[in-house]
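Listed here are the chains, written in short residue letters.
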Amino acid sequence: MTADTGKTMTAEEIRRWLVQAIAKKLKVKPEAIDVNTPFDEFGLDSAAAVALSGSLGELLNRDLPGTVLYEYPTVNELSSHLASRR
């Protein structure tokens, strides 16, 4: 396992990035993304969820499990969790 040498981002910064990424994937405006709606209700399949967690891991320079979107199933939950892991 690699050490966590990730980039420090606030929950709000992570939240904003996630909203942008999901909106882009779904081809909707960011305002259409409810940060308390579970990821699976956005219609993201497992491949999209794994890809999103991979992109987020690259952004944060951290190893994130492909299941992280299932463990923390909303934008708010995930961004709060990741920001607390500094």
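Residues numbered from 1 in each chain as written. Predicted model: local features only at pLDDT ≥ 70, side-chain atom pairs only at ≥ 80, totals over all residues. Heavy atoms only, no water.

Enquirer: Sorry if this is basic, but what is going on with the overall build of the protein here?
Expert: Secondary structure assignment for the protein yields four helices and zero strands. Going residue by residue from the N terminus, the α and β elements of the protein occur as α-α-α-α. A globule of 86 residues ought to have a C-alpha radius of gyration of about 12 Å, and the protein, at 12 Å, matches this closely. Principal-axis analysis of the C-alpha atoms gives the protein an extent of 35 × 25 × 20 Å. When the accessible surface of the protein is split by element, carbon and sulfur atoms take 52% of a total near 5,200 Å². Positive and negative charge centroids in the protein, built from 10 and 12 side chains respectively, lie 7 Å apart. (Helix = DSSP H or I, 4+ residues; strand = E, 2+ residues; numbered from the N terminus. Rg over C-alpha atoms; globule rule 2.2 N^0.38 Å. Areas by Shrake-Rupley, 256 points an atom, 1.4 Å probe, with all protein chains shown as cover. Lys, Arg positive; Asp, Glu negative; His and termini not counted. Charge placed at Lys NZ, Arg CZ, Asp CG, Glu CD.)

Enquirer: How do you make sense of the packing of helix H1 (residues 11–26) against helix H2 (residues 46–60) when you look at a structure like this?
Expert: The axes of two packed helices give the description: the angle between them and the distance between them. Remark: H1 packs on H2, axes separated minimally by 11 Å, with the N-to-C direction vectors making an angle of 140°. The angle between H1 and H2 falls in the class oblique. Remark: the crossing between H1 and H2 carries right-handed chirality. The residues of H2 that touch H1, namely those facing Ile14, Trp17, Leu18, Ala21, Ile22 and Lys25, are Ala48, Leu52, Ser55, Leu56, Leu59 and Leu60. (Axes fitted to C-alpha atoms, helices over the stretch in contact; angles between N-to-C directions. Parallel < 35°, antiparallel > 145°, perpendicular 65-115°, else oblique. Left-handed = near helix turned anticlockwise from the far one by under 90°. Contact = heavy atoms within 4.5 Å.)

Enquirer: Looking at this structure, I do not really get unusual backbone geometry. What am I missing?
Expert: The bulk of non-glycine residues show a negative phi, and the bulk of peptide bonds are trans. For Lys27, which is not a glycine, the phi torsion comes out positive at approximately 60°. Structurally, the position occupied by Lys27 is in the loop between H1 and H2. Overall, the relative accessible area of 77% leaves Lys27 in the exposed class. Phi at Asn61 is positive, roughly 55°, even though this residue is not glycine. Mapping Asn61 onto the fold places it in the loop between H2 and helix H3 (68–71). (Buried < 20%, exposed > 50% of the residue type's maximum accessible area, 1.4 Å probe, protein only.)

Enquirer: Even after reading the chapter, I still don't get the pattern of salt bridges, so can you show me in this structure?
Expert: Side chains that carry opposite charge are capable of pairing whenever their charged atoms lie near each other. One pass over the full model with this rule turns up two salt bridges. Note that Arg15 and Glu12 form a salt bridge whose closest N and O atoms lie 2.7 Å from each other. One end of the pair, Arg15, and the other, Glu12, are both in helix H1, three residues apart, so they sit about a helical turn from each other. By relative accessible area, Arg15 is classed as buried at 17%. Notably, a salt bridge pairs Arg16 with Glu12, separated by 3.5 Å at the nearest N-O pair. Here Glu12 and Arg16 lie together in helix H1, a separation of four residues that amounts to about one turn. (Salt bridge = Lys/Arg side-chain N within 4 Å of Asp/Glu carboxyl O.)

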